[in-house]
Amino acid sequence: MKRHNSPTDSIKHSIGQAASHAWFERLARLGYASKGLVYFIVGFLAAQAAFSTGGRTTDTSGALSAIVNQPFGKFLLFLVTIGIIGYALWRIVQTILDPEHQGQKMDAKRIAQRIGYALSAFGYAGLALTAVKLIMGSGGGNSDTTEDLTAQILAQPFGQWLVGLAGSIVIGVGFSYFYEAYKAKFRRHFKLDEMSQTEQTWATRLGRFGIAVRGIVFVIIGLFLIQAARLSDASQTKGLGEVLGILAQQPFSPVILGLVPLGLQHFRMFCRGDRSPESHTVRQL
């Protein structure tokens, strides 16, 4: 008797077929490049602010606003938006198919990882929507979506617990970045046989630094989420731009704010360590 695939298997098969095309790999790679550009702009503007040469502390939405205000800004932002959409789609593929771990036993770590992929897909889909609004001239770069979303969750039954749980997860992600920086597993994505010992050493140091800085930012954001849950006050939440703004108010802020954006810029160079779609990985789906 012929076995019929379940609807879930059919969906996975369809997604796998779409993801196996060369165009999808190119789109996902454009997504990593767009993500890197956005973080570079965030870091660059904050570094300028740190050393009083212009710029400002901002988040990813603010970086999109900076792009659209440049010559040919709408065209540039259109390309970035396509890339962000590609990145969100790649995260969806990772959520549903987990291509890097196919055939392996499902465990708590993999479940948490796939939840993280889903949240990332949701976040970058929202960023793409913000970019579309900016291209159409309807704004979108100034609204505090983090605070709005937190307020909506707090208004639900068990909302404080949910926001507190989200804060704990974000802190956990931050500590996972610390662990990743310590273990330096991103080195497996390097072509070590083509690098000198000095190049390997500095690439590893920069990778560790960038990933650790991202961990610091995540931990701070998570702590503010827990504070928002404890006080049932959505205004306590802070995004990337606000965290950089808080750091700017601390003693030795030029040093602090200069190092954090530098770390974010270094992190974007190691986005490939974030499981980008290598051809052998995607095409096996």
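A few words now on the overall build of the protein. When its secondary structure is counted, the protein shows eleven helices and zero strands. Of the regular secondary structure in the protein, the N- to C-terminal order runs α-α-α-α-α-α-α-α-α-α-α. Here the protein, with 285 residues, has 42% of them falling under the buried criterion. Residue pairs at least 24 apart in sequence account for 71% of intrachain contacts in the protein once pairs closer than 6 positions are excluded. Within the structure as shown, the protein displays about 15,700 Å² of accessible surface, and the carbon and sulfur contribution to it stands at 63%.

How two aromatic rings sit relative to each other is set out by the distance from centre to centre and by the angle between their planes. Per the counting criterion, the structure on display carries four aromatic pairs. Plain terms: the ring middles of Tyr32 and Tyr87 are 5.0 Å apart, the flat faces sit at 75° to each other, and that makes the pair edge-to-face. Placement of Tyr32 in helix H2 (residues 22-50) and of Tyr87 in helix H4 (residues 73-97) is noted, with a sequence separation of 55 residues between them. On the basis of relative accessible area, Tyr32 is assigned to the buried category, the value being 7%. Its relative accessible area of 1% is what places Tyr87 among the buried residues. Their ring planes at 65° and their centres at 4.7 Å tell us that Tyr87 and Tyr124 sit as a pair that is edge-to-face.

Turning our eyes to something else, we now look at the nonpolar core. Among the nonpolar cores identified, the biggest contains 38 residues, and Leu64, Leu77, Val80, Ile84 and Tyr124 are the most heavily contacted of them. Breaking this core down by element, the ones donating at least two residues are H2, helix H3 (60-68), H4, helix H5 (108-135), helix H7 (159-183), helix H8 (197-231) and helix H9 (240-248). Excluding anything up to four places from it in sequence, Leu77 contacts Leu64, Ile67, Val68, Ala131, Leu134 and Ile135. In this structure, Tyr177, Ala181, Ala184 and Phe190 belong to the second largest nonpolar core, which totals seven residues.

This structure, assessed with the given rule, holds one salt bridge. Residues Glu25 and Arg29 are paired through a salt bridge, measuring 3.1 Å at the closest nitrogen-oxygen approach. A residue pair is termed a helical-turn pair when its members lie 3 or 4 positions apart in one helix, as Glu25 and Arg29 do in helix H2 at four residues.

With that settled, consider the packing of H7 against H8. At a closest axis distance of 7 Å, the pairing of H7 and H8 adopts a crossing angle of 165°. By the angle between their axes, H7 is roughly antiparallel relative to H8. Here H7 runs over H8; the crossing is left-handed. Across the contact of H7 with H8, the residue classes tally to 20 nonpolar, seven polar and four charged.

Even without being glycine, Phe72 reaches a positive phi, approximately 60°. Mapped onto the elements of the fold, Phe72 is located in the loop between H3 and H4.

Between its terminal C-alpha atoms H8 stretches 51 Å, which fits the 51 Å expected from 35 residues at 1.5 Å a residue. After H8 finishes, the residue Ser232 shows a positive phi value of roughly 50°.

Before going further, it helps to examine the packing of H3 against H4. H4 packs onto H3 with a crossing angle of 145° between their chain directions and a minimal axis gap of 7 Å. The residues of H4 that touch H3, namely those facing Leu64, Ile67 and Val68, are Gly73, Lys74, Leu76, Leu77, Val80 and Ile84. In terms of residue class, the contact of H3 with H4 is made up of seven nonpolar, one polar and one charged.

Inspection of the secondary structure puts Arg187 in the loop between H7 and H8. With a relative accessible area of 25%, Arg187 lands in the partly exposed category. Taking the C-alpha atoms as reference, Arg187 lies 8.6 Å from Gly207; in sequence the two are 20 residues apart. In this structure, Arg187 is in contact with Leu192, Gln200 and Thr204, ignoring residues within four places of it in sequence.

A cluster of nonpolar side chains, namely Leu30, Phe72, Phe75, Leu76, Phe78, Leu79, Ile82, Ile85, Leu89 and Ile92, defines an oily patch on the protein surface of about 910 Å² accessible area. A relative accessible area of 39% means that Leu79 is categorised as partly exposed.

The subject of this paragraph is the confidence of the model for the protein. Mean pLDDT over the protein works out to 76, with 70% of the residues at or above the 70 mark. When the criterion is pLDDT under 50, residues 279-285 qualifies, and its contacts beyond four places in sequence or with other chains add up to 20 contacts.

Mapped onto the elements of the fold, Phe209 is located in helix H8. With 27 residues separating them in the primary sequence, Phe209 and Tyr182 have C-alpha atoms 9.6 Å apart.

Reading the values: the criteria
Residues numbered from 1 in each chain as written. Predicted model: local features only at pLDDT ≥ 70, side-chain atom pairs only at ≥ 80, totals over all residues. Heavy atoms only, no water. Helix = DSSP H or I, 4+ residues; strand = E, 2+ residues; numbered from the N terminus. Buried < 20%, exposed > 50% of the residue type's maximum accessible area, 1.4 Å probe, protein only. Contact = heavy atoms within 4.5 Å. Areas by Shrake-Rupley, 256 points an atom, 1.4 Å probe, with all protein chains shown as cover. Phe/Tyr/Trp six-rings, centres within 6.5 Å; stacked < 30°, edge-to-face > 60°. Core = buried A, V, L, I, M, F, W, Y, C linked by side-chain atoms within 4.5 Å. Salt bridge = Lys/Arg side-chain N within 4 Å of Asp/Glu carboxyl O. Axes fitted to C-alpha atoms, helices over the stretch in contact; angles between N-to-C directions. Parallel < 35°, antiparallel > 145°, perpendicular 65-115°, else oblique. Left-handed = near helix turned anticlockwise from the far one by under 90°. Nonpolar A, V, L, I, M, F, W, Y, C, P; charged D, E, K, R; others polar. Expected span 1.5 Å × (residues − 1). Patch = residues over 30% accessible without salt bridge, like charges linked within 9 Å, V, L, I, M, F, W, Y side chains within 5 Å. pLDDT = per-residue confidence, 0-100.

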